[in-house]
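Close look at the chain arrangement
The residues making up each chain are set out below.
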Amino acid sequence: MIPPPFLAACRREPVPYTPVWLMRQAGRYMPEYRAVRERLGFLELCKSPDAAAEVTVTAALRLGVDAAIIFADILLVLEPMGVGLEFSRGDGPVIHRPVRSGADVDRLLPVDPAALAYVMEAVRRARAALPAHLPLIGFAGAPFTLASYLIEGGGSRTYARTKTIMLGDPGAWRALMERLSASIAAYLNAQIAAGADAVQLFDSWVGCLAPADYRTHVLPHMRALVDAIRPGTPVIHFGTGTAGLLEAMRAGGGDVIGVDWRIDLDVAWNRVGHDVAVQGNLDPTALLAPVPEIRARAAAILGQAAGRPGHIFNLGHGILPQTPVDHVRALVDAVHELSAA
Ligand code: CP3
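Okay, so let's go over this structure. (Residues numbered from 1 in each chain as written. Predicted model: local features only at pLDDT ≥ 70, side-chain atom pairs only at ≥ 80, totals over all residues. Heavy atoms only, no water.)

Some points on the overall build of the protein chain
Check the secondary structure of the protein chain and you find 15 helices and nine strands. Principal-axis analysis of the C-alpha atoms places the extent of the protein chain at approximately 60 × 45 × 40 Å. The burial tally for the protein chain puts 57% of its 341 residues in the buried class. Approximately 13,300 Å² of the protein chain is accessible, and the part contributed by carbon and sulfur atoms is 54%. (Helix = DSSP H or I, 4+ residues; strand = E, 2+ residues; numbered from the N terminus. Buried < 20%, exposed > 50% of the residue type's maximum accessible area, 1.4 Å probe, protein only. Areas by Shrake-Rupley, 256 points an atom, 1.4 Å probe, with all protein chains shown as cover.)

The following block contains the structure:
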């Protein structure tokens, strides 16, 4: 049986064309998603397995991409820790009782996997509804990025509070990262058991770190986490602003390294080594440009990948809400046409 191109590329096997999927492919830019959100709040949607599965499958089929990604959020795993997670309209996510000390770390509740059973149910239903040849990606936040939300209480520009604990109280930092790594590994293994064909770790904000701090305070936890994920399931290790960290991220683990657009794909691939697959790396704002420009940008990235096995086309970060759906479709078609030629 021929493996689907996305899974073949994760394993650096030859593919008939370059597989493509897009981070945040189910989101506000899509009218079908907005229609579901008229009825359900964001958390409510995440906790409704039928609706979450429907949003997952609709986006993948509408776009013609080579993988679906389960509709959920990296912050859901924080809710059972008892920190008061809220997605407020306009302001983005808020943690009402952030972690500011070692005592706060000790007060975090252990994550009972049953508290996230709704995600596994959505995975099961999405897997059952998808065509058999279309892989389903499960995901979780990586420990650093989740720690940053727990500590800052939301997004941040400087990550000053996060770094204050990381550098000032290494014992508390290590305890927090160990707890997060163990919870994330169990959560990803549960998604795999429910039917996820691959998993992605989103270390979205790790690019704020100096390389030495990444190696000391993040890498060992990533390594332990990746080692605890069920063997045989491809792991995508993604971050943004990581041009200074690529070798260290590679050492952290993963079958595929996700890169953003602030570095050329060929340069990034040389840095991580051609014995690992890469995912990326179109600037999401390029999708706001006219279609001929989008096609030219896609061609340039495919040129840098140079037909080597192990390239998964993606954006360097999530689709922006103002993106025209037609442009997203045009990108998917362009990647398929240009890479098959
Ligand atoms: O990619 C997909 O289609 C799957 C679904 C998915 C969502 N969030 C849905 C979502 C995935 C993979 C995520 C990951 C996620 N969530 C990340 C890592 C990726 C990245 O963007 O760096 C992060 C940092 C989060 C945390 C988060 N969730 C933020 C900061 C926000 C608010 C900002 C925003 O875009 O609204 C969310 C909410 C969120 N997660 C939305 C969606 C579709 C928008 C909610 C809505 O209003 O409907």
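Structural notes on the nonpolar core
One finds Phe6, Leu78, Leu201, Tyr214 and Leu331 to be the most contacted residues of the largest nonpolar core, which totals 128 residues. When residues in this core are grouped by element, the largest group, eleven residues, is from helix α9 (residues 170–194). Dropping the residues within four chain positions of it, Phe6 is found in contact with Pro19, Trp21, Asp66, Ala67, Pro135, Ile137, Ala198, Ile236 and Ile312. (Core = buried A, V, L, I, M, F, W, Y, C linked by side-chain atoms within 4.5 Å. Contact = heavy atoms within 4.5 Å.)

Some thoughts on the site of the ligand
Not every one of the 23 residues close to the ligand is listed here, only the nearest: Arg24, Tyr33, Asp73, Ser204 and His317. Arg24 has a polar backbone atom sitting 2.6 Å from an oxygen atom of the ligand. Side-chain polar atom of Tyr33 to an oxygen atom of the ligand: 2.4 Å apart, as the coordinates give it. Coverage of the ligand by the protein amounts to 88% of the 860 Å² it exposes when considered alone. (Near = heavy atom within 4 Å. Polar contact = N/O pair within 3.5 Å; in protein donor to acceptor, adjacent residues only side chain to side chain.)

Some remarks on the side chain of Ser181
Among the structural elements, Ser181 can be located in helix α9. Looking at Ser181, the relative accessible area reads 6%, which means it is buried. Residues contacting Ser181, with those up to four places away along its chain left out, are Pro143, His221 and Leu225.

Considering the pattern of salt bridges
For the coordinates displayed, the defined rule picks out 14 salt bridges. One continuous salt-bridge network, built from bridges that share partners, spans Asp50, Glu121, Arg124 and Arg125. (Salt bridge = Lys/Arg side-chain N within 4 Å of Asp/Glu carboxyl O.)

Quick notes on the sheet that holds strand β8 (residues 277–282)
Within a sheet, each strand pairs with its neighbour through backbone hydrogen bonds, oriented either parallel or antiparallel. Taken together, seven strands build an open sheet; the order of strands is β1-β4-β5-β6-β7-β8-β9 and the sheet is parallel. A single partner strand is all that each edge strand has here, and the edge strands are β1 (68–69) and β9 (311–315). (Pairing = 2+ DSSP bridges.)

Remarks on the environment of Pro231
Tracing the chain through its elements places Pro231 in the loop between α11 (219–227) and β6 (235–239). Residues Pro231 and Asn189 lie 42 residues apart in sequence; the distance between their C-alpha atoms is 9.9 Å.

Examining the packing of aromatic side chains
Enumeration over the complete set of coordinates arrives at six aromatic pairs. For the pair Phe144 and Trp173, a centre-to-centre distance of 6.1 Å together with 55° between the ring planes defines the contact as tilted. In this pair, Phe144 sits in helix α7 (residues 143–152) while Trp173 sits in helix α9, placing the two residues 29 residues apart along the sequence. Classification of Phe144 by relative accessible area gives buried; the value is 0%. On the basis of relative accessibility, which here comes to 1%, the residue Trp173 falls in the buried class. Plain terms: the ring middles of Phe202 and Phe238 are 5.7 Å apart, the flat faces sit at 75° to each other, and that makes the pair edge-to-face. Residue Phe202 is located in strand β5 (residues 198–203), and its partner Phe238 is located in strand β6; the two are separated by 36 residues in the primary sequence. Accessibility expressed as a relative area gives 0% for Phe238, which makes it buried. By the ring-pair criterion, three or more aromatic residues cluster together here, those being Tyr33, Phe42, Phe71 and Phe87. (Phe/Tyr/Trp six-rings, centres within 6.5 Å; stacked < 30°, edge-to-face > 60°.)

Thoughts on the side chain of Thr240
Within the element layout of this structure, Thr240 appears in the loop between β6 and α12 (246–252). Taking relative accessible area as the criterion, Thr240 reaches 8% and is therefore assigned buried. A polar atom in the side chain of Thr240 sits 2.7 Å from the backbone oxygen of Ser204. Once residues lying within four places of it in the same chain are set aside, the contact partners of Thr240 are Asp203, Ser204, Trp205, Gly207, Asp260, Arg262, Gly316 and His317.

A word on the environment of Ser156
Mapped onto the elements, Ser156 comes out in the loop between α7 and α8 (160–168). Spatially, the C-alpha atoms of Ser156 and Trp205 are 9.3 Å apart, while their sequence positions differ by 49 residues. At a separation of 3.3 Å, a polar atom in the side chain of Ser156 contacts the main-chain amide nitrogen of Thr158. In this structure the side chain of Ser156 is engaged in a polar contact, spanning 2.8 Å, whose partner is the backbone nitrogen of Tyr159.

Things to note about the packing of helix α14 (residues 291–305) against helix α15 (residues 325–340)
Between α14 and α15, the least distance of the axes is 9 Å, while the angle of their chain directions is 40°. Our classification of the angle between α14 and α15 gives oblique. Between α14 and α15 the crossing geometry is right-handed. Residues Val291, Ile294, Arg295, Ala298, Ala299 and Leu302 of α14 form the contact with α15, whose participating residues are His327, Ala330, Leu331, Ala334, Val335, Glu337, Leu338 and Ser339. (Axes fitted to C-alpha atoms, helices over the stretch in contact; angles between N-to-C directions. Parallel < 35°, antiparallel > 145°, perpendicular 65-115°, else oblique. Left-handed = near helix turned anticlockwise from the far one by under 90°.)

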